[in-house]
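Architecture at a glance
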Amino acid sequence: MASIKIVLRKNMIKKDGTIPLALRISDNYKTSYKWLGQYVLEKDWDKVAGQAKRTHPNFKKLNNFLMKKLTQANDLYFDSKEDSITPKQAKQRLKGPGGSKSFFEVAADRVKRKYDRGIFSVAKSEMSILYNLEEFLNHKPSSSKNIIIESIKQKRSERVSKTRKSEYSFIDAINHFKKNKTLKFMDIDQAFLERYKTFCSAYLNQKTRTISNQLIFIRTLFNVAIKDGIVAPKFYPFAGEKEKIRIGSSNKIGLTRKEVEKIESLQFEPQTSIWHTHNAWLIAFYFAGIRISDIVKLRWSDFKDNRLYYVMNKNEKPISLKIPDKANAILDFYRKDQEVNSGYVFPFLRDVKEKNAEAVFRKTRNATKLFNKFLKRIAQESGIDKTLSNHIARHSFGNIAGDKIHPLMLQKLYRHSDLKTTLNYQANFIHKDADEALDSVINF
């Protein structure tokens, strides 16, 4: 059973000798304090009774106020529909349905946890959402659309410049949003979300999936805030017939075998960026579509007994694959540079210490941007009119595999946790039944 008491916080004594009063909530070896906004001298406080003495000039009025707060806290525990609530949750709920924490403060705490755990890709993308929301709150709809767009671009450019000069760090960004009190959870209603979606589309030029990802982030934070008692469930904007997040499906287009052969036949000057890009993309394809971010981080220690052993970064799934002859032919180009490349197969991370996780992430991201640039040239030189991107190596493997490989084997090759994911993914590349059905009607 929770212990709830009004106490003096003597360690917070003011210069005039008065001490703040706080509601102390203790349960299961956890304690939280809620400030009551009242101060008394120690000589005017009855520690045992937990109330002001008669020597206090307004003892009756103050004690009535304190009794209401104490009753409110006790009622919260007795009336709670949950099996148990923590002192932290109780403290937040006593602050009212809007909560004392802003949306940005809760979000910044979440982003920092991701950052501290080394999940930099998620932390960076979620930080981008916070900047988008801040731009939305600060923009003036009465201004010219072009002026607003240019202003957003200018601010982004300035942040990037300061970051490169080490004048502004990711932690600085987190601290910035921790102090931002401009957005309360209860302000985010269905109308707010509709306006925000329009802003993302009109001013940020974002596609439906990107906007949906931001709504998912907002929904996740709402669930956290409700659980912690920061906001009342009645303010949840995604319940019932309110805001619906719809994830649309997109066509995944892979290369055909002939198109892959065209890429294989290309010749580039050794040790150039486009040469490395060409080799890295083919290695990704030869190993069943390994993600380019994982290819960049491949080390020679990952290869043993003519097999590749690695753990997929996205879901930490381990995999062991035989090294195809075509892959070996490319790897032979790099074997002599093992020491020069600091143990990495490709040279993109050779100047980065392996234990510096953030530097590895940053260099990997820069390498993937470089790949996208040169893959466009590779597509042009091979006469392919499809968009050649990092991820199309995975789509191409799926397209060529079609229905020739059993789904369970594909699940293993793709490193999917769930067979359903594999079936849904591969459905993008199996057209035989639909084509035959169409022919049966058209070609009668």
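Below or above, wherever it landed, is the structure these notes cover. (Residues numbered from 1 in each chain as written. Predicted model: local features only at pLDDT ≥ 70, side-chain atom pairs only at ≥ 80, totals over all residues. Heavy atoms only, no water.)

It is a general feature of regular strands that their side chains alternate between the two faces of the sheet. As paired elements, strand S2 (residues 19–27) and strand S3 (residues 30–40) share 8 bridges and run antiparallel to each other. By the bridge assignment for S3, Leu-23 is matched with Lys-34. (Pairing = 2+ DSSP bridges. Helix = DSSP H or I, 4+ residues; strand = E, 2+ residues; numbered from the N terminus.)

Before going further, it helps to examine the sheet that holds S2. Across the sheet, 3 strands lie side by side as S1-S2-S3; this open sheet has antiparallel pairing. Each edge of the open sheet carries a strand with a single partner, namely strand S1 (3–8) and S3. The mean inter-strand angle of the sheet, taken between neighbouring strand axes irrespective of direction, is 20 degrees. (Axes fitted to C-alpha atoms, helices over the stretch in contact; angles between N-to-C directions.)

Turning our eyes to something else, we now look at the sheet that holds strand S7 (residues 307–311). Strand order across the open sheet formed by 3 strands is S6-S7-S8, with antiparallel pairing between neighbours. Two strands in the sheet have a free side with no partner beyond their single neighbour: strand S6 (303–304) and strand S8 (318–322). By the bridge criterion, 2 bridges tie S6 to S7 in an arrangement that is antiparallel. Counted as the bridge partner of Lys-304 is Arg-307 from S7.

In the structure shown here, the tally under the stated rule is 22 aromatic pairs. Measuring from centroid to centroid gives 5.1 Å for Phe-185 and Phe-222, while their planes differ by 80 degrees, and the two rings are edge-to-face. Here the residue Phe-185 occupies a position in the loop between helix H6 (170–178) and helix H7 (190–202), and Phe-222 occupies one in helix H8 (residues 208–227), the gap between them amounting to 37 residues. In this structure Phe-185 comes out as buried when scored by relative accessible area, which is 0%. Judged by its relative accessible area of 0%, Phe-222 falls in the buried class. Residues Trp-281 and Phe-285 carry aromatic rings whose centres are separated by 6.2 Å and whose planes lie at 5 degrees to one another, so their mutual orientation is stacked. With Trp-281 and Phe-285 both in helix H10 (residues 273–286) and 4 residues apart, this pair spans about one turn of that helix. Assigned by exposure class, Trp-281 and Phe-285 land together as buried. Cluster of aromatic residues (ring-pair linked, three or more members): Phe-103, Phe-104, Tyr-131, Phe-177, Phe-185, Phe-222, Tyr-236 and Phe-238. If you follow Lys-14 out to its NZ or CZ, it ends over the ring of Tyr-39, 4.4 Å from the centre. Seen from the ring of Tyr-344, Arg-299 lies directly overhead, with NZ or CZ sitting 4.4 Å from the centre. (Phe/Tyr/Trp six-rings, centres within 6.5 Å; stacked < 30°, edge-to-face > 60°. Buried < 20%, exposed > 50% of the residue type's maximum accessible area, 1.4 Å probe, protein only. Lys NZ or Arg CZ within 6 Å of the ring centre and 35° of its normal.)

What follows deals with helix H13 (residues 357–381). Between its first and last C-alpha, H13 extends 36 Å over 25 residues, near the 36 Å set by a 1.5 Å rise per residue. All of the buried residues in H13 are Ala-359, Val-360, Phe-361, Thr-364, Ala-367, Thr-368, Phe-371, Phe-374, Leu-375, Ile-378 and Ala-379. The inward-facing, buried residues of H13 abut helix H4 (120–138), helix H9 (257–265), H10 and helix H11 (292–296). Two residues or fewer past H13, Gly-383 is found with a positive phi of approximately 70 degrees. (Expected span 1.5 Å × (residues − 1). Contact = heavy atoms within 4.5 Å.)

Here we come to the packing of H10 against helix H14 (residues 392–401). In contact at an axis separation of 8 Å, H10 and H14 are set at 40 degrees when each is read in the N-to-C sense. When the axes of H10 and H14 are compared, the pair comes out oblique. Judged by the twist between their axes, the crossing of H10 over H14 is right-handed. Contact residues: Trp-281, Ala-284 and Phe-285 in H10; Ile-392, Ala-393, Ser-396, Phe-397 and Ile-400 in H14. When its residues are assigned to classes, the contact of H10 with H14 shows 7 nonpolar, 1 polar and no charged. (Parallel < 35°, antiparallel > 145°, perpendicular 65-115°, else oblique. Left-handed = near helix turned anticlockwise from the far one by under 90°. Nonpolar A, V, L, I, M, F, W, Y, C, P; charged D, E, K, R; others polar.)

By the definition in use, this model includes 15 salt bridges. Notably, a salt bridge pairs Glu-243 with Lys-197, separated by 2.9 Å at the nearest N-O pair. Of this pair, Glu-243 sits in the loop between H8 and H9 while Lys-197 sits in helix H7, placing them 46 residues apart in sequence. Its relative accessible area of 22% is what places Lys-197 among the partly exposed residues. Lys-336 serves as the salt-bridge partner of Asp-337, at 3.4 Å between the closest nitrogen and oxygen. (Salt bridge = Lys/Arg side-chain N within 4 Å of Asp/Glu carboxyl O.)

This paragraph deals with the side chain of Arg-299. Relative to the elements of secondary structure, Arg-299 occurs in the loop between H11 and S6. Setting aside its immediate chain neighbours within four residues, Arg-299 contacts Ser-342, Gly-343, Tyr-344, Val-345 and Glu-354.

Moving on to the nonpolar core. Formed by 52 residues in total, the largest nonpolar core has its most connected members in Trp-281, Ile-283, Phe-287, Phe-303 and Leu-388. Taken together, the elements giving at least two residues each to this core come down to H9, H10, H11, S7, S8, helix H12 (325–331), H13 and H14. In terms of residue count, H10 provides more of this core than any other element does, 9 residues in total. Those residues in contact with Phe-303 that sit more than four places away from it in its chain are Phe-287, Leu-298, Leu-308, Ile-323, Leu-331 and Val-345. Membership of the second largest hydrophobic core comes to 46 residues, among which are Val-106, Tyr-115, Met-127 and Leu-221. (Core = buried A, V, L, I, M, F, W, Y, C linked by side-chain atoms within 4.5 Å.)

Once that is clear, we can look at the packing of H7 against H8. Closest axis-to-axis distance for the H7/H8 pair is 10 Å, and the angle between their directions is 145 degrees. H7 and H8 meet at a crossing whose hand is right-handed. Here Leu-193, Tyr-196, Lys-197, Cys-200 and Ser-201 of H7 come into contact with H8, specifically with Ile-211, Gln-214, Leu-215 and Ile-218. Class assignment of the residues belonging to the contact of H7 with H8 gives a composition of 6 nonpolar, 2 polar and 1 charged.

Just geometry here; none of it tells us what the structure is for.
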